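Chain by chain, the residues run as shown.
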Amino acid sequence: GINAEYGEGLLIFNGGTVCDDYFNITAAHLICQDMGFGSAKSWTVNRASWSYRVDMPTSLDDIRCGPSAENFWRDCLYDSENEDCDHSEDVFLTCGEMDDDDDEELTGSEFSLVDKKGNSFNESGMEGLLLFRDGTVCDDSFNNFAADLICKAMGFESAKNWRHGYFNSTNDRYGIRLDDVYCNSTHTSIEDCQYNVEDHNCEHSEDVILACTKEERGVYRLQKTGQSWAVGIAFKRKYDHPQIEGWLCDDGLTDRTATWLCQDQLRFRYGKRAPSGGILDGKPYLRTNLSCLYEECSDLGYGDNGLTCDNDTERAAIYCYNALQEYDVNVQSFDVTPKGKVVIKLRLKYLKEGEVFSGHGDRAKSQISVEYCGQPVKLKGVYGQGGRYKISGKTSGRCESQCYTIKIGDEFSHGTAC
């Protein structure tokens, strides 16, 4: 028969050890159930402290428990004649009781990280396979917020990074215990998040691999500088009310990220990237390449990704506002020759809640398009700077109504009725 004690034990079959060739979590479950336990918690190989097993034979090899062996160990296939195993491949098994249906609420203390040998660790910055109740965690719906909260539950400050996939051969030793973990910025602990315990549709190629850090992550703080806001970095470790200790470099800054910063820090509805500014207060760059998608953001410490700010005029800056983006368009002249040559002179300013934002770096210049009498004008160029532009283009000829529409991107248009 098969014998093992409750907890982790060397698996014995007819007086000999069991080789790990083709062994998987399905075989582990069925063997534990055959011994009267509810299920397998985990399995591993090669515990060097079991010195007495060198005198034992290897009694079982090539265990295959496929779809036909979903219920009983006796339905599995195996080889009782070992030809290629040694005791470094011996299976160690942990059995336990089946989780009750009402035990669906998780706690942060149920998470752990293991290295490629299956050993638990709590080292800062080290990557490991994430376990929950001695099983893996599927990456469905998993995000940066979930990674942070799980790391905090394990005693770290935050997540350094995470990915999914196989972690050497470690994954196959465990069942998949947790799926559909979803957290957002309103959640303060992993217990507050959404998740599914045991019920999953995953494979081990989707297992979460996580690295946590005990170094404190900076938080973003915005400082008003004229019409825009400088993006600063603060740390809670030094102040009850964190103060800015450095700046975000403008590498990779987008309007989407600006909107997230405005919403998160100042409760504005919208944001736009503003012209970059110079270093303030003699403080250094601390972050670069901040990127936000919807409510999820990620960044790297300055220089960590090979990007650098070449000078002191690349400090990230943003505009925050509550009204949709608008422009003040002053058409000074709109001329069309009989042969269809179009020449337009105009002045353009940003408007947000009635406040004029100057120095916009001619961002709208490349977004200008023109229609004349309901037909698009083929533009040859938009010339000028600082909001004073001359537009040159070509149309099929003059029309009687002389109506026109000047568009800036997809959101704004200005013109006369046809």
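Residues numbered from 1 in each chain as written. Predicted model: local features only at pLDDT ≥ 70, side-chain atom pairs only at ≥ 80, totals over all residues. Heavy atoms only, no water.

Caption draft 1: Up close: helix H1 (residues 25-34). Taken together, the buried positions of H1 are occupied by Ile25, Ala27, Ala28, Leu30, Ile31 and Cys32. Two residues or fewer past H1, glycine 36 is found with a positive phi of approximately 100 degrees. (Buried < 20%, exposed > 50% of the residue type's maximum accessible area, 1.4 Å probe, protein only. Helix = DSSP H or I, 4+ residues; strand = E, 2+ residues; numbered from the N terminus.)

Caption draft 2: Broad picture of the packing of aromatic side chains. Going through the model one piece at a time under the given rule, you end up with 6 aromatic pairs. Judged by centre distance (6.4 Å) and plane angle (90 degrees), the rings of tyrosine 220 and tryptophan 260 are edge-to-face. Here the residue tyrosine 220 occupies a position in strand E16 (residues 219-225), and tryptophan 260 occupies one in helix H3 (residues 255-266), the gap between them amounting to 40 residues. The two residues tyrosine 220 and tryptophan 260 agree in class, both being buried. By way of ring pairs, the aromatic residues Phe334, Tyr372 and Tyr404 are connected into one cluster. (Phe/Tyr/Trp six-rings, centres within 6.5 Å; stacked < 30°, edge-to-face > 60°.)

Caption draft 3: Highlighting the environment of lysine 380. Looking at the secondary structure, you find lysine 380 in strand E28 (residues 378-385). For lysine 380, a relative accessible area of 64% corresponds to the exposed category. On a C-alpha basis, the gap between lysine 380 and valine 342 in space is 9.6 Å, while along the polypeptide they are 38 residues apart. Contact partners of lysine 380, with chain neighbours within four places excluded, come to Ser392 and Gly393. (Contact = heavy atoms within 4.5 Å.)

Caption draft 4: Layout of the state of the cysteines. According to the stated counting rule, one finds 7 disulfides in the structure shown. Here cysteine 138 engages in a disulfide with cysteine 202; their sulfurs sit 2.0 Å apart. One disulfide, between cysteine 138 and cysteine 202, carries an S-S torsion of -90 degrees and so falls in the left-handed class. Taken together, the residues cysteine 138 in the loop between strand E11 (135-137) and helix H2 (144-153) and cysteine 202 in the loop between strand E14 (194-197) and strand E15 (208-213) connect sequence positions 64 residues apart. Classification of cysteine 202 as buried rests on a relative accessible area of 10%. The residue that forms a disulfide with cysteine 373 is cysteine 399, at a sulfur-sulfur distance of 1.4 Å. With cysteine 373 in the loop between strand E26 (368-372) and strand E27 (375-376) and cysteine 399 in the loop between strand E29 (388-394) and strand E30 (404-408), the pair connects residues that are 26 residues apart, well separated along the chain. Looking at cysteine 399, the relative accessible area reads 21%, which means it is partly exposed. (Disulfide = S-S within 2.5 Å.)

Caption draft 5: Structural view of the nonpolar core. Formed by 27 residues in total, the largest nonpolar core has its most connected members in Phe111, Leu130 and Leu210. The element contributing the most residues to this core is H2, with 6 residues. Ignoring any residue separated from it by four or fewer positions in sequence, one finds leucine 130 in contact with Phe111, Ser112, Leu113, Gly135, Thr136, Val137, Phe142, Ile150, Met154, Val208 and Leu210. (Core = buried A, V, L, I, M, F, W, Y, C linked by side-chain atoms within 4.5 Å.)

Caption draft 6: Spatial organisation of unusual backbone geometry. Although it is not a glycine, aspartate 134 adopts a positive phi angle of roughly 60 degrees. With respect to the helices and strands, the residue aspartate 134 is situated in the loop between strand E10 (127-132) and E11. A relative accessible area of 37% means that aspartate 134 is categorised as partly exposed.

Caption draft 7: How the structure looks around H3. Taking 1.5 Å per residue as the helical rise, H3 with its 12 residues ought to reach 16 Å, and the 16 Å between its terminal C-alpha atoms agrees with that figure. Residues of H3 that are buried include every one of Thr257, Ala258, Thr259, Trp260, Leu261 and Cys262, and no others. The first or second residue beyond H3 is arginine 267, which carries a positive phi of 65 degrees. (Expected span 1.5 Å × (residues − 1).)

Caption draft 8: Region of interest: the sheet that holds E27. Pairing is antiparallel across the open sheet formed by 4 strands, whose spatial order is E27-E26-E30-E31. Single-partner strands in this sheet number two, and they are E27 and strand E31 (412-415). One ladder, built from 5 bridges, connects E26 with E30; its direction is antiparallel. Across the sheet, tyrosine 372 pairs through a bridge with tyrosine 404, a residue of E30. (Pairing = 2+ DSSP bridges.)

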